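# A structural walkthrough
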Amino acid sequence: MTAAPNPALLSRRRLLRLAAIGTTALTLGALPTPATAAADAYDTLRLRWLDLLTGTGFDPATAPYATTLAALGDRARTQLQAMAPTSTSLWPDLPLGTASANVTASHTRLRTLAMAWAQPGTGLTGDQALATAITTGLNHLNTTTGAYTPTATAYGNWWDWQIGTPQALLDTCVLAHDLLPPTRLSALLAAVDRQVPDSLVSSYTGTSTGGNRVDLCRVLALRGVLGRTSAKLTTATTALSPVFPYVLAGDGLYADGSFVQHTWVPYTGSYGEVLLGGLSRLFALLAGSAWQISDPSRQNVFDAVTDAYAPFLYNGLVMDAVSGRAVSRGRQSGDQLQLQQDDHVRGHTLIGHILRLADSGAAPAAQSAAWRSAVKGWLTRDHYLPYLSNAYLDVPELARAQALLNSATAAAPEPLGARVFAMDRAVVRRSGWAASLSLCSARTTFYETGNGEHLRGWHTNNGMLSWWGATFGNGQYSDAFWPTVDPYRLPGTTVSAKPLADAAGGTWGAPHPDSTWAGGATDGTYAAVGQDLRGLSSTLTGRKSWFLLDDAVVCLGAGISCTDGTPVETVVDNRNLGPAGTHALTVDGAAQPTTLGWSQRLDGARAVAVAGFGGYVLPAGTTLRAKREARTGSWHDINTGGSTEQLTRRYLTLWFDHGTNPTDAGYEYQVLPGATAAATAARAAAPTVTTLANSRTVQAISDSASGVTAANFFAAGTAGPLTASAPCSVLVRDTDSTRTVTVADPSRRAATVTLTLAGTGRPTEAAEGVSVLSTEGAVTLLVELGGTQGAGRTITLTTASGAPATATATLLDPTQDSYVRDGSYATTNYGTATTLTVKNTNTTDSGFSRRALLTFDTTAVPGTVRRAVLWVHGAVADSGGTLATLQAFTTAPTPWTEPAVTWANAPGLAQPLGTGRISTTPDWIPLDVTPAVTPGNPSLTLALFQPLATVGLAVNLDARSHTTFHPVLEVITS
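### Details of the confidence of the model for the protein
Per-residue confidence for the protein gives a mean pLDDT of 94, with 96% of residues at or over 70. Counting contacts from residues 1-39, a segment whose pLDDT is below 50, to residues more than four positions away or on other chains yields 58 contacts.

Put into structure tokens, the structure is as follows:
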């Protein structure tokens, strides 16, 4: 582990540097001794934050720093000249009192002035007039009505008052600390206390979660540093702890690498970036101090760099699929630099956070070393926007990157493989290209709009397929794509042309479909991904599948129906050709016109290729439509804060026209990223992929090149060699001697699924959650999928000869169930309840403790019990939190009946059995009860409670009367 910076040397280095650049506030005579500096923990942290803001180890006179610092000086000079304090503003274009964003913007401008004053090479370093302007501005905003004062009443957006403004203000206080008399600093901190009290982090709810919680903790920590208040720093460190554990629902990091914010939105590249940025700074700030972040769960954040962030970083960009409404920000109307935000800019910011975290000394050394290698790879491969030329980056990030590039650290290649995430996203990465899929379900939104942003992102998550090449197409979505693309023709989507208003469906992720089937199965190399399609504010329905193979994405659609009275289309692709692109389109060997305005119906097309991008293989008899056009739009069209500058880009669009009000329409095609026209034609002439099924109930393919057979079952059924008892996604990979089977339930509705595979196979070893029932004639598997959040279960079979494997699965419904309650309800019977409530208050006769009882008849269970799982379905129903633990127990041999059981006469708890976690999202919870189950017991009673000696949350479980989600006892015997 890297050692924390020496506080004494850090302080001395900072003071020497400020003195060397001519700071008016410090002289060499005021330089403290190392012992004095080391003794003051608050100054140590303040100067460490100053280093994080301004950077170390760089020569301000050399590239790329000189240009960046000069640009900073130019911005500061312009803002200094425009500053004109009045009773209602500090800058005339930022009036105070009605728009909270102007409060943040005013403080952000002051931060820019302070940065120019504190950093060398800006042309304004240590400038007395600038110093006066900084203190004047701080005084003004701290006393002006409508600004940020110790008595101000918040208006507008909460974010400005609790995060945006205080972060900018506290940074300015660190940068200009020695310009501020103690009384003025106290007044500024009092304004922060007014808007950001400790109570904002007292509970992990509302806007105080995920990236927002980290931002609030940053404010509290810096408030503690500047105010020399240990309690504030302790509060900040402690309040970070709820960010670290994996969540099962809502905002935060998930065990599979998902990151969600605003309940419904996959947000790794935006709010996830904020979270990692804030944490990397706080880890670096507090390392080695009395307030260092020591929660053991912080390891989840370190693991997330590889599991959650790296999968969406490619050649320096972060995929738009996980950036939400941030994709609409582009060029902002008030941006003095007139720079464009895009996937590369966002990716660079995220990469900077990873490198800062690697250098913080907080993470295990091996992980930090791996991150540096990954970062160096991204830096060296970003040919579209080289990292060191990104004008958005500050000097500290440039300095870290330059040091890494100059080091002997080896650049890691892009990781390969396929991933399917619980947040309805999928990624495939190959040596020459990468692609992402954006889906939606009842768990995720069609799109997010809010604050006037992303106004036309309506169809973003209806199957958008984005892809990039290792050496081509890295600007496909960066080059003014979002303001100029036809929002009804996003690549990969199936869409009704029904006109939609800006921000249709509602803000902040409110619109989401009622369908639950979205996701798929992956073995880490290949994947089957599917979506039960719904249209936003539309009658559109359908089924879509994508099979992620070695050099192709196979796309199937079926059951596409709509009664909107408008055309329905599936967009094969919509290539952004740039301002003047004339990329050749070749169809079955014939070059098509490059004239703008050209459009054509292509009947019977088999092999279609776009020069410089890739190819598309279509089955015989397909009718495809193609069009070249120039489209003009502005960032303001899709974001009210965007620039009104008109931008024009050329597009080549390929789509299937399903007609108006189609019934049960479908499509088939393959995308071959990077393929030439010749390679595309060769694949069309000698296909390796066979479509086994393409209907509303199942979509399936087999691929002779990879040995993959894959299917998405939207209902129980058969496709080729596969038969499934319930909706699921299946991926089978055959090699010479093994067969790997992965099964997932994207709908998250089944506790178990039985899968039968034609052919032979015997398990090579035990697989978690998979029981082999038979290998005679065919392989039959019972796969436990409840509670996995859509993740797959995998088993490896060998085709070598050997003794057959046999087992029996018995699924039992309860013969009776009920729950009982203590305290004044101890003699109340709840035998007719349709919901079983469980809660442990860990007190005596509170009146709120409840436990459930279930009886099963195991007399028909054959053989010896190998495994027994009690499946219950429900959710947390408690205002006190979002996660709870259930536990099963055996009971004392006391008879009971539904009509008569109460807390007073119920059988007592005996042996504790398995546990399971449950969240506010209804799901299955598997509880291992193997020790309690024996064949031949007509009245096996199991109790459901929570771990003893703990205080739990109320959980509501579906009772045996529920037709779909009633409890089930799974018993595997041999």
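### Notes on the environment of M83
Mapped onto the elements of the fold, M83 is located in the loop between α4 (65-82) and α5 (100-118). By relative accessible area, which is 14% here, M83 ends up buried. Along the chain, M83 and T108 lie 25 residues apart, while their C-alpha atoms are 13 Å from each other. Every residue in contact with M83, bar those within four places of it in the chain, is listed here: L90, W91, L110, L113 and A133.

### Some details on the pattern of salt bridges
Taken as a whole and assessed by the stated rule, the structure comprises 39 salt bridges. Of the charged contacts, one joins E397 and R356 as a salt bridge, the two residues approaching to 2.7 Å between their closest N and O atoms. Of this pair, E397 sits in helix α15 (residues 395-406) while R356 sits in helix α13 (residues 343-359); the two residues are 41 residues apart in sequence, bridging distant segments of the chain. Take E397 and R356: they sit in the same class, and that class is buried. One salt bridge in this structure joins K627 and E629, with 3.7 Å as the shortest N-O distance.

### Section: the packing of helix α3 (residues 41-54) against helix α9 (residues 210-226)
At a closest axis distance of 8 Å, the pairing of α3 and α9 adopts a crossing angle of 130°. One way to sum up the angle between α3 and α9 is to call them oblique. Note that α3 runs across α9; the crossing there is left-handed. Between α3 and α9, the residues in contact are Y42, L45, R46 and W49 and R218, L222, G224, V225 and L226, respectively. Among the residues making up the contact of α3 with α9, the classes are represented as 6 nonpolar, 1 polar and 2 charged.

### Some remarks on the state of the cysteines
Structurally, a disulfide amounts to a covalent bond that connects the sulfur atoms of two cysteines. Enumeration over the complete set of coordinates arrives at 0 disulfides. With no disulfide partner, C173 has as its closest neighbouring cysteine sulfur the one in C217, 19 Å distant. Cysteine C440 shares no disulfide, and the gap to the nearest cysteine sulfur, in C562, comes to 15 Å. We classify C440 as buried; its relative accessible area is 1%.

### Observations regarding the packing of aromatic side chains
One pass over the structure, following the stated rule, counts 21 aromatic pairs. When the ring of F656 is compared with that of Y667, the centres are 6.0 Å apart and the planes differ by 20°; the resulting orientation is stacked. Of this pair, F656 sits in strand β22 (residues 647-660) while Y667 sits in strand β23 (residues 665-673), placing them 11 residues apart in sequence. With a relative accessible area of 5%, F656 lands in the buried category. Taking the centre distance of 6.5 Å and the plane angle of 90° together, the rings of W871 and W924 count as edge-to-face.

### What about the sheet that holds strand β18 (residues 599-603)?
The strand order β10-β15-β22-β21-β18 describes an open sheet built from 5 strands, whose pairing is antiparallel. On the outer flanks of this sheet lie β10 (494-496) and β18, each paired with one strand and no other. Across the sheet, the mean angle from the axis of one strand to that of its neighbour is 35°, orientation sign disregarded.

### Section: the side chain of S208
Inspection of the secondary structure puts S208 in the loop between α8 (182-195) and α9. Overall, the relative accessible area of 4% leaves S208 in the buried class. Among the polar contacts listed, one links the side chain of S208 to the backbone oxygen of L200, at a separation of 2.8 Å. The residues contacting S208, other than those within four sequence positions of it, are L200, V201, S203, R213 and L216.

### Observations concerning helix α6 (residues 128-141)
Its 14 residues give α6 an end-to-end C-alpha distance of 20 Å, which sits within 8% of 20 Å, the value for a rise of 1.5 Å per residue. Looking only at α6, the buried set comprises L130, A131, A133, I134, T135, G137, L138, H140 and L141. Where α6 is buried, its residues contact α4, α5, α7 (158-175) and α8. Its side-chain oxygen at 3.1 Å from the backbone nitrogen of A129, D127 defines the N-terminal cap of α6.

### Observations concerning the side chain of T622
Structurally, T622 can be placed in the loop between β20 (614-617) and β21 (623-633). A residue is classified by how much of its surface remains accessible, and T622, at 12% relative accessible area, is buried. If we skip the residues at most four places from it in the chain, T622 touches L602, D603, G604, A605 and F656.

### Describing the environment of D193
Secondary-structure assignment places D193 in helix α8. Beyond its immediate sequence surroundings of up to four residues, D193 is in contact with R223 and K232.

Rules of the game
Residues numbered from 1 in each chain as written. Predicted model: local features only at pLDDT ≥ 70, side-chain atom pairs only at ≥ 80, totals over all residues. Heavy atoms only, no water. pLDDT = per-residue confidence, 0-100. Contact = heavy atoms within 4.5 Å. Helix = DSSP H or I, 4+ residues; strand = E, 2+ residues; numbered from the N terminus. Buried < 20%, exposed > 50% of the residue type's maximum accessible area, 1.4 Å probe, protein only. Salt bridge = Lys/Arg side-chain N within 4 Å of Asp/Glu carboxyl O. Axes fitted to C-alpha atoms, helices over the stretch in contact; angles between N-to-C directions. Parallel < 35°, antiparallel > 145°, perpendicular 65-115°, else oblique. Left-handed = near helix turned anticlockwise from the far one by under 90°. Nonpolar A, V, L, I, M, F, W, Y, C, P; charged D, E, K, R; others polar. Disulfide = S-S within 2.5 Å. Phe/Tyr/Trp six-rings, centres within 6.5 Å; stacked < 30°, edge-to-face > 60°. Pairing = 2+ DSSP bridges. Polar contact = N/O pair within 3.5 Å; in protein donor to acceptor, adjacent residues only side chain to side chain. Expected span 1.5 Å × (residues − 1).

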